Amino acid sequence: MVLVFAESQKGNFKKTAFEAVTYGYKTAQALGTECVALALGSANNAADLGLYGASKVLHVADAALDQFDGQVYAKVIAEVSQQVGAKVIVLSHTSTGKAIHGRLAARLDAGSVAGVNSIPTVDGGFKVKKGVFSGKAIAEYAINSEVKILSVMGNSLQPAIVGSPAAIEAANVTVPASRVKVKSVSRIEGIVPLPEAELVVSAGRGMKGPENWGIVEDLANTLGATTACSRPVADVHWRPHHEHVGQTGIAIRPNLYIAIGISGAIQHLAGVNNSKTIVVINKDPEAPFFKAADYGVVGDLFEVVPQLTEAVKKFKA
Ligand code: FAD
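Conventions used here
- Per chain, the residues get numbers from 1 upward, laid out in the order the sequence is written.
- Local features in this predicted model are restricted to residues of pLDDT 70 or higher, and side-chain atom pairs are both shown and tallied only at a pLDDT of 80 or more, whereas totals for entire chains, interfaces and linings draw on every residue.
- Heavy atoms from the whole structure form the basis of all side-chain values; hydrogens and water molecules are not counted.
- UniProt positions are given in the numbering used here, feature names are shortened, and annotations may be inferred rather than shown by experiment.
- To qualify as a helix, a DSSP run of H or I must reach at least 4 residues; to qualify as a strand, a run of E must reach at least 2; elements of each kind are numbered from the N terminus.
- In this description, contact between two residues means that some pair of their heavy atoms is separated by no more than 4.5 Å.
- Proximity is defined per residue: if any heavy atom of the residue lies within 4 Å of a molecule or strand, that residue is considered near it.
- The definition of a polar contact used here is a pair of N or O atoms within 3.5 Å, where within protein one atom must be able to donate a hydrogen and the other to accept one, and adjacent residues in sequence count solely through side-chain atom pairs.
- Accessible surface is estimated by sampling points in the Shrake-Rupley manner with a 1.4 Å probe; for residues, cover comes only from the protein chains shown.
- Just so you know the grouping, Ala, Val, Leu, Ile, Met, Phe, Trp, Tyr, Cys and Pro go in nonpolar, Asp, Glu, Lys and Arg go in charged, and all remaining residues, Gly too, go in polar.
- By this definition, two strands are paired if DSSP reports at least two bridges between them.
- To obtain an axis, a line is fitted to C-alpha atoms, over the contacting stretch when the element is a helix, and the angle between two such axes runs from 0 to 180 degrees between their N-to-C directions.
- Site definitions follow a grid-based scheme: protein atoms alone, a 1 Å grid, a 1.4 Å probe that fits but cannot get out for cavities, and for pockets an open set with protein on both sides within 12 Å along at least five of seven lines, plus lining residues having an atom within 4 Å of a point.
- Grid points are joined across faces, edges and corners, and a volume is the space filled by probe spheres set on the points.
- Throughout, exposure labels follow a simple rule: accessible area from a 1.4 Å probe, protein chains only, divided by the maximum for the residue type, with under 20% read as buried, over 50% as exposed, and the rest as partly exposed.
- Crossovers are marked right-handed if the path from the first strand over the helix to the second runs clockwise, as seen with the strands pointing away from the viewer.

**Looking at the UniProt feature "binding site: FAD" (unreviewed entry) in the protein chain**
(1) Moving on: As annotated by UniProt and renumbered to match this structure, "binding site: FAD" (unreviewed entry) occupies Arg-205, Ser-230, Arg-231, Gly-261, Ile-262, Ser-263, Gly-264, Ala-265, Ile-266, Gln-267, His-268 and Asn-282.
(2) Moving on: Within the secondary structure, Ile-262 is located in the loop between strand E14 (256–260) and helix H6 (266–272).
(3) Moving on: Non-local contacts of Ile-262, meaning those with residues more than four positions away in its chain, are made with Ser-202, Ala-203, Gly-204, Ser-230, Tyr-257, His-268, Asn-282 and Phe-289.
(4) Moving on: Along the chain, His-268 turns up in helix H6.
(5) Moving on: Contacts of His-268, omitting those with residues within four sequence positions, involve Ser-202, Cys-229, Ser-230, Val-245, Gly-246, Tyr-257, Ile-262 and Phe-289.

The structure is reproduced here in C-alpha cells:
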C-alpha cells in the first residue's frame, strides 16, 4: 500500500497535498496496490482527497497535531504506516516534509529519495528519478529496502481528479500533548509559500535598496504572486531570508518567474531554472540571466516595472 501524508495548514489542505496524493495514486497504480491518504490534526474536507485517488483517508484528529512538530509528526506517521503495512510513503518536498523525511526514514529503516519529480518505475526493481547538480542532470535511484519514502517536488505534476470523495477512518494513535515541543510565535498570513507558488516576482541588487521594494510588491500584488529575492539581498537584510531562492536558498518551479535586477549567477539559476516561463528585466543586455530567459526586457527596472504593473492592471480591468 502507498500511504500519502497530506499536509494541511489551519485545517485546510495545501495544493502540495493534492499533488502528493496524485503522485501516490500513480505510484500505487504502477505497483498494483491502493493509495491511502493520512491527515493529521484539523482537516477540513478530508474526503476530497479521494478525488485525487486516495481510496480512503486515515485521520489522527488529535488537537496536539495542530501545532507542527517534526519529531511528533514523524512518530505518528511511522506508527500509522506500521499499523497499515505501508510499503511506500509519499511526502511533499516542503519545509514540513523536509523536517519529517529523515526522521521517518530512520524510524522505519527505510530507503528514501527526497525531491523526486517522476513516478517510480517498478520493472526490474523500484527506481525513481530526480534532478541533481542544480537541475543540470537527472539521477535514477534504486531503492531496495522494504519500506520506501519519497518526497515530491512542488509543481512537478498537476493534481488530477480521478475519483470520488473517500471514506474517512480514525487512525488509532495517541499523541501526548507534552511531546509537542514546538511553539508557534507568529505566522505570516495570506502569502502562498514559495515552494507552492505558481507566480513569483523576484528582485536583486539592482533594486539599490530596501526602500525601493514597493514597485516589486505592487507588481506581485497585482499578479497575485509571491515575492522572492537573490541571496545578497537577503544577506544584507533588504529582504527576509525565507525569500532567498537559489542553490543555497529555496528551489522553486513556478509557472512564471519574473527576475528584476538580478544578474543570473549560476547559483541563483540553480534554484529557479525549472520555472516554466522566465521573464528577465535588466538594464545590462549582457546579463547572464537573458540566456535562461523566455522573455527579456532590456531597460531600467525603475521605469519598466511600474509600466508592467499598470499594463497588468489594465489587462485585468
Ligand atoms: P548582482 O550580481 O549585483 O546583479 C544585479 C543586477 O541588477 C545586474 O545584472 C545589473 O545589470 C542589474 N541592474 C542594476 N541596476 C538596474 C536597473 N536600474 N534596472 C535594471 N537592472 C539593473 N545567489 C543567489 O541568488 N541564490 C543563491 O542561492 C546563491 N548561492 C550561492 C552559493 C555560493 C556558494 C556562492 C559563492 C554564491 C551564491 N550566490 C547565490 C550568489 C551569486 O553568486 C550572485 O552573487 C548573486 O546571485 C547576485 O545577486 P544579484 O543578481 O541580486 O546581484
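Still more to cover.
**Topic: the site of the ligand**
(1) Moving on: Neighbouring the ligand are 26 residues, the closest being Ser-230, Thr-248, Ser-263, Gln-267 and Asn-282.
(2) Moving on: Interatomic distance of 2.6 Å between a side-chain N/O atom of Ser-230 and an oxygen atom of the ligand.
(3) Moving on: Lys-283 has a polar backbone atom sitting 3.1 Å from a nitrogen atom of the ligand.
(4) Moving on: Summarising the interface, the protein chains cover 77% of the accessible area of the ligand, which totals 990 Å² for the free molecule.
(5) Moving on: Put simply, the parts of the chain that give the shell around the ligand at least two residues each are helix H5 (231–235), H6 and helix H8 (301–316).
(6) Moving on: Classifying every residue of the shell around the ligand by side-chain character gives 6 nonpolar, 14 polar and 6 charged.

**Structural notes on the sheet that holds strand E6 (residues 88–92)**
(1) Moving on: Pairing is parallel across the open sheet formed by 7 strands, whose spatial order is E7-E10-E6-E1-E4-E5-E11. Either end of the sheet is taken by a strand with one partner, and the two such strands are strand E7 (111–116) and strand E11 (167–170). When strand polarity is set aside, the average angle formed by the axes of neighbouring strands in this sheet is 25°.
(2) Moving on: Inspection of the sheet shows strand E1 (residues 2–5) paired to E6 by 3 bridges, in the parallel sense. Bridge pairing in E6 links Val-4 to Val-90.
(3) Moving on: Across the sheet, helix H2 (residues 70–84) touches E1, strand E4 (35–40), strand E5 (56–60) and E6, and the angle it forms with E4 is around 145°.
(4) Moving on: Seen against the sheet, helix H3 (residues 95–108) touches E1, E6, E7 and strand E10 (148–152) and runs at an angle of roughly 160° to E6.

**A look at the environment of Val-57**
(1) Moving on: Mapped onto the secondary structure, Val-57 falls in strand E5.
(2) Moving on: In sequence terms Val-57 and Arg-187 are 130 residues apart; their C-alpha atoms lie 28 Å from each other.
(3) Moving on: Among all residues touching Val-57, those that are not within four sequence positions of it are Ala-37, Ala-39, Ala-46, Leu-49, Ala-166, Ala-167, Ile-168 and Glu-169.

**A word on the layout of surface pockets**
(1) Moving on: Taken as a whole, the largest pocket encloses approximately 1,400 Å³ of empty space.
(2) Moving on: What lines the largest pocket is a set of 47 residues, among which Gln-9, Lys-14, Arg-187, Ile-188 and Pro-193 lie closest to the centre.
(3) Moving on: Contributions of two or more residues to the lining of the largest pocket are made by strand E2 (8–9), strand E3 (12–13), H3, helix H4 (214–223) and strand E13 (226–229).
(4) Moving on: Sorting elements by how many residues they give to the lining of the largest pocket places H4 first, with 3 residues.
(5) Moving on: For the lining of the largest pocket, the residue count by class is 18 nonpolar, 18 polar and 11 charged.
(6) Moving on: Empty space within the second largest pocket amounts to approximately 620 Å³.
(7) Moving on: Forming the boundary of the second largest pocket are 30 residues, of which Gly-131, Met-153, Ala-251, Ala-270 and Asn-274 lie nearest the centre.
(8) Moving on: Only H3, E7, strand E8 (126–132), strand E9 (137–143) and H6 provide two or more residues apiece to the lining of the second largest pocket.
(9) Moving on: For the lining of the second largest pocket, the residue count by class is 12 nonpolar, 15 polar and 3 charged.

**Observations concerning the pairing of E13**
(1) Moving on: On E13, burial covers both faces: Thr-226 and Ala-228 on one face and Thr-227 and Cys-229 on the other are all buried.
(2) Moving on: Alignment of strand E12 (residues 199–203) against E13, held across 4 bridges, turns out to be parallel. Residue pairing for E13: Val-200 is matched across the bridge by Thr-226.
(3) Moving on: On the question of chirality, the crossover connecting E12 to the parallel E13 by way of H4 is right-handed.

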